[in-house]
Amino acid sequence: MSGVFKALSDPTRRQILQLLRDQDLTAGEIAAHFVISRPAITRHLELLRSAELVTSEKRGQYMVYSINVSALQAALGDFLNYFDEAQARRPQAKAGVRGAQKEGEPG
């Protein structure tokens with residue numbers, strides 16, 4: 001999950017995902033939307049691929065990139081589950097702190 005959030009932490013990578021949300025694109029088509037070098041775009045795409053947020057497929061001479069929505073949904077589900085679990089533990093932790101206070105102390 002941390003790889004997904006690392007990938008999502010960069011605004012350029014989020015913009016790439018927005019572009020791929022609408023259609024599959026080649027690296028060159030993606031690069032045309034940015035003022036950074038093509039090698040920089042390639043690095044961003046590799047990071048997105050390693051986080052499994054995008055997939056790539058060789059079509060003729062070109063590598064075509066697609067968004068992997070299921071990986072994004074799974075990461076978001078894991079993220080929300082983490083907070084659900086943390087929230088479920090929270091009342092127990094507060095009760096433990098209150099129980100440790102001496103009588104007469106403000107709570």
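Up top is the structure these notes are about.
The notes below deal with the structure included here. All values derive from a computational prediction rather than experimental measurement.

For the protein chain, the count of helices and strands is five helices and three strands. Listing every helix and strand of the protein chain by position from the N terminus yields α-α-β-α-α-β-β-α. Here the protein chain holds 107 residues, and 26% of them are scored as buried. Counted over contacts in the protein chain with a minimum sequence separation of 6, partners at least 24 positions apart contribute 50%. Of the roughly 7,600 Å² that the protein chain leaves accessible, carbon and sulfur atoms contribute 52%.

The contact between helix 2 (residues 11-22) and helix 4 (residues 38-50) brings their axes to 10 Å, and the two run at 75°. One finds that helix 2 runs roughly perpendicular with respect to helix 4. Contact residues: helix 2 offers T12, R13, I16 and L17, while helix 4 offers I41, H44, L45, L47 and L48. Of the residues assigned to the contact of helix 2 with helix 4, the class counts are six nonpolar, two polar and one charged.

Turning our attention to helix 2. Helix length check: helix 2, at 12 residues, gives a terminal C-alpha distance of 18 Å against a target of 16 Å (1.5 Å per residue), a fit within 8%. Residues T12, R13, I16, L17 and L20 constitute the buried set of helix 2. With its buried residues spanning 140° around the axis, helix 2 presents them on a single face. Those residues of helix 2 that are exposed and aimed more than 90 degrees away from the buried face are R21 and D22. Packed against the buried residues of helix 2 are helix 1 (2-8), strand 1 (25-26), helix 3 (27-31), helix 4, strand 2 (54-59) and strand 3 (62-67). With a side-chain oxygen lying 2.8 Å from the backbone nitrogen of T12, the N-terminal cap of helix 2 falls on D10.

With respect to the helices and strands, the residue T26 is situated in strand 1. Contacts of T26, omitting those with residues within four sequence positions, involve Y62, M63, V64 and Y65.

Bringing the sheet that holds strand 1 into the picture now. For sheets, the rule is that strands pair by backbone hydrogen bonds, running either parallel or antiparallel. Taken in spatial order, the three strands line up as 1-3-2 in an open sheet, and their pairing is antiparallel. Looking at strand neighbours, the two that pair on one side only are strand 1 and strand 2, the edges of this open sheet. The sheet contact formed by strand 2 and strand 3 spans six bridges and is antiparallel. When the sheet's bridge partners are listed, K58 is paired in strand 3 with M63. Its contacts with the sheet place helix 2 against strand 1, strand 2 and strand 3, and it is angled at close to 90° to strand 3. Docked against the sheet, helix 4 engages strand 2 and strand 3, running at close to 115° with respect to strand 2.

Examined bridge by bridge, strand 1 and strand 3 share two bridges and lie antiparallel to one another. Its bridge partner being in strand 3, L25 is matched across the sheet by Y65. Taking the residues that link successive antiparallel strands as the turn, the strand 2-strand 3 hairpin has two residues, and the phi of G60 there is positive, at about 65°.

Parameters and conventions
- Residues numbered from 1 in each chain as written.
- Predicted model: local features only at pLDDT ≥ 70, side-chain atom pairs only at ≥ 80, totals over all residues.
- Heavy atoms only, no water.
- Helix = DSSP H or I, 4+ residues; strand = E, 2+ residues; numbered from the N terminus.
- Buried < 20%, exposed > 50% of the residue type's maximum accessible area, 1.4 Å probe, protein only.
- Contact = heavy atoms within 4.5 Å.
- Areas by Shrake-Rupley, 256 points an atom, 1.4 Å probe, with all protein chains shown as cover.
- Axes fitted to C-alpha atoms, helices over the stretch in contact; angles between N-to-C directions.
- Parallel < 35°, antiparallel > 145°, perpendicular 65-115°, else oblique.
- Nonpolar A, V, L, I, M, F, W, Y, C, P; charged D, E, K, R; others polar.
- Expected span 1.5 Å × (residues − 1).
- Arc of directions from axis to C-beta.
- Polar contact = N/O pair within 3.5 Å; in protein donor to acceptor, adjacent residues only side chain to side chain.
- Pairing = 2+ DSSP bridges.

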